[in-house]
Amino acid sequence: MGCQSSQEFHSSIEHQQTLLSAFPFQSYIHQTEHRALTLEQLAQIVRFASGQCSKWHDRAPARLSNTSGQRLALEILNLYHVSDWMIRPATRQMNCSFVELLAATEQVPNWYISHWWGNLFCDLTKCLSKHAAVRLLPVEASYWICAFALRQHCLDLDFNVDLMQTSFCKAIALSAGIVLVLDNHSQAFTRVWCAFELSLLDKDESKLLDVAAVHHNEAMILADGVAEYDKLAQDTPGEKSHSNNFGQPLPAWMVSFAAPFNKTQREKTFRLQILESGLRLRLECGHASVEADRRRILNHLSKRNSQALPLAMHENYDAINQSLRAMFAAAIWQNGDTCLAKDKGAAEVLVAGTRRNVLVLDFSDERRNPGHQEIAYLSSALCPNLQVLDLAFAQNHEKFSNCQALDDACIQCLSRAIPPTITKLRLDFARCR
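Quick caveat, the model's predicted, so the values are computed rather than measured.

Please provide a residue-by-residue account of the overall build of the protein, values included.
Regarding its fold elements, the protein presents 16 helices and nine strands. A buried classification covers 52% of the 433 residues belonging to the protein. Put simply, 77% of the contacts in the protein that link residues at least 6 apart link residues at least 24 apart. Carbon together with sulfur atoms contributes 51% to the accessible area of the protein, which is approximately 19,800 Å² in total.

Listed below in structure tokens is the structure:
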């Protein structure tokens, strides 16, 4: 099917009837923040796209899309394509959101998705399936994805209100936290909407930030803290897989030391390089598909009139940038090695993020071997407002008793750097020699 015939197919009765037959209208759900998607509903969308997308092509101009004019396939399909070929045409007749073609009742979000629309759609679905498994979510759990939640033919209803009263902010308020889905080039860090969404986490410390990405066709999750899956009994490294206790909840007395170790093992294959862009995040340089959105967000953050020309610099931008960079610096340090953290200036970023008052790092992995230089560098990362410091050097398996380099001098160096603002301190040296 050539570009011209595909163009005609986009507006054809055949395409419209195929969509309406697969996704008949269910019900109006009046509160946008209650239009989340379950994984099964997301899978239904993927199945349809997989069977139909060979008839579609990328209608975006070359200046906006690297695949402009190409025939589409699941391997290159992104949310811009899904919106063009599925969401907008399927919802035009009823002037509804796509969720209202799938759900007859409200679906309050468990998690909010922050992502770049240009990321592969199949990667997005892989990430959310993996996330649900890591967080042990029930089958009815749902994710709020703006493209499917908003009524695309009357967006003014969602945007002509105070920014904090938009469905985006309300959906985050209802969620346990944000799942940041990153592509291999970390484009989400260049989007002003993503930066704004993440900045809301600074206002509510109870909200979690999980990071998801696909590498070598496998989804990986960096969980904020210990995930529910990490609290299950895991295979002991080097021993026969799937013991009788595998997958069973850990006894309460084991959770505090075994769960962090399980987390470290699960996350050690995450490709940390995709987080490096987060250390240089500058929300004021972020892009938006609609320039008015960018202007509105920056003026909101700088407390100016929404229609004013955005300032190029502002102290509020700096504060938010520092806070967000600190989140990713901690993730790199937590899951990488000290050399990577030092190379990327993670300590300097953590110190600059003065709003970050909690630091939890786990060195109980066979890749980590903290010694004098590493402890000195770690000590330099303790910001002056730190209130909670939790460092685990404990070796949870005898094969990994690798912290022989720690001595009294290391501990003295660390103790001198602990700020007087600390209210909770935990240092775990179990099995260290």
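More follows now that the structure is in view.
Describe the packing of helix α15 (residues 372-379) against helix α16 (residues 408-417), and please don't skip the residues or the numbers.
The geometry of α15 relative to α16 is characterised by a closest axis approach of 9 Å and an angle of 5° between their N-to-C directions. With respect to α16, the element α15 is oriented roughly parallel. Between α15 and α16, the contacting residues are H372, I375, A376, L378 and S379 on the first element and A409, C410, C413, L414 and A417 on the second. For the contact of α15 with α16, the per-class residue count stands at eight nonpolar, two polar and no charged.

Can you break down the pattern of salt bridges residue by residue, with the values?
What the rule picks out here adds up to twelve salt bridges. Across the pair D230 and R266 runs a salt bridge whose closest N-O atoms are separated by 2.8 Å. On the criterion of sequence distance, the pair formed by D230 in the loop between β6 (218-222) and α10 (252-267) and R266 in helix α10 is long-range, its members being 36 residues apart. One continuous salt-bridge network, built from bridges that share partners, spans D230, K263, R266 and E267.

Describe the pairing of β6, listing the residues and the values that go with them.
Among the five residues of β6, four are classified as buried, and the element is accordingly described as predominantly covered. Joining the antiparallel neighbours strand β5 (residues 208-215) and β6 is a turn of two residues, in which H216 adopts a positive phi near 50°.

Can you tell me about the nonpolar core, naming the residues and giving the values?
In this structure, I45, W56, M86, F98, F148 and L275 are the most contacted members of the largest nonpolar core, which totals 97 residues. For this core, the element with the highest residue contribution is helix α12 (residues 315-335), accounting for eight residues. Grouped together as the second largest cluster of nonpolar side chains are 19 residues, L359, I375, C383 and I422 included.

Residue-level account of the packing of aromatic side chains, with values.
The geometry of an aromatic ring pair is captured by two quantities: the separation of the ring centres and the angle between the planes. Tallying each qualifying case throughout the model produces 13 aromatic pairs. Judged by centre distance (5.5 Å) and plane angle (5°), the ring pair of W56 and W85 falls under stacked. Here W85 lies in helix α4 (residues 79-91) and W56 lies in the loop between α3 (39-52) and α4, a separation of 29 residues in the sequence. This pair shows no difference in class: W56 is buried, exactly as W85 is. Centre to centre, the rings of F168 and W193 are 4.5 Å apart; their planes meet at 20°, and the pair counts as stacked. Pair noted here: F168 is in helix α8 (residues 167-174) and W193 is in helix α9 (residues 192-199), with a separation of 25 residues, a long-range link. The exposure class assigned to F168 is buried, which follows from its relative accessible area of 4%. Judged by relative accessible area, which is 14%, W193 ranks as buried.

Rules of the game
- Residues numbered from 1 in each chain as written.
- Predicted model: local features only at pLDDT ≥ 70, side-chain atom pairs only at ≥ 80, totals over all residues.
- Heavy atoms only, no water.
- Helix = DSSP H or I, 4+ residues; strand = E, 2+ residues; numbered from the N terminus.
- Buried < 20%, exposed > 50% of the residue type's maximum accessible area, 1.4 Å probe, protein only.
- Contact = heavy atoms within 4.5 Å.
- Areas by Shrake-Rupley, 256 points an atom, 1.4 Å probe, with all protein chains shown as cover.
- Axes fitted to C-alpha atoms, helices over the stretch in contact; angles between N-to-C directions.
- Parallel < 35°, antiparallel > 145°, perpendicular 65-115°, else oblique.
- Nonpolar A, V, L, I, M, F, W, Y, C, P; charged D, E, K, R; others polar.
- Salt bridge = Lys/Arg side-chain N within 4 Å of Asp/Glu carboxyl O.
- Pairing = 2+ DSSP bridges.
- Core = buried A, V, L, I, M, F, W, Y, C linked by side-chain atoms within 4.5 Å.
- Phe/Tyr/Trp six-rings, centres within 6.5 Å; stacked < 30°, edge-to-face > 60°.

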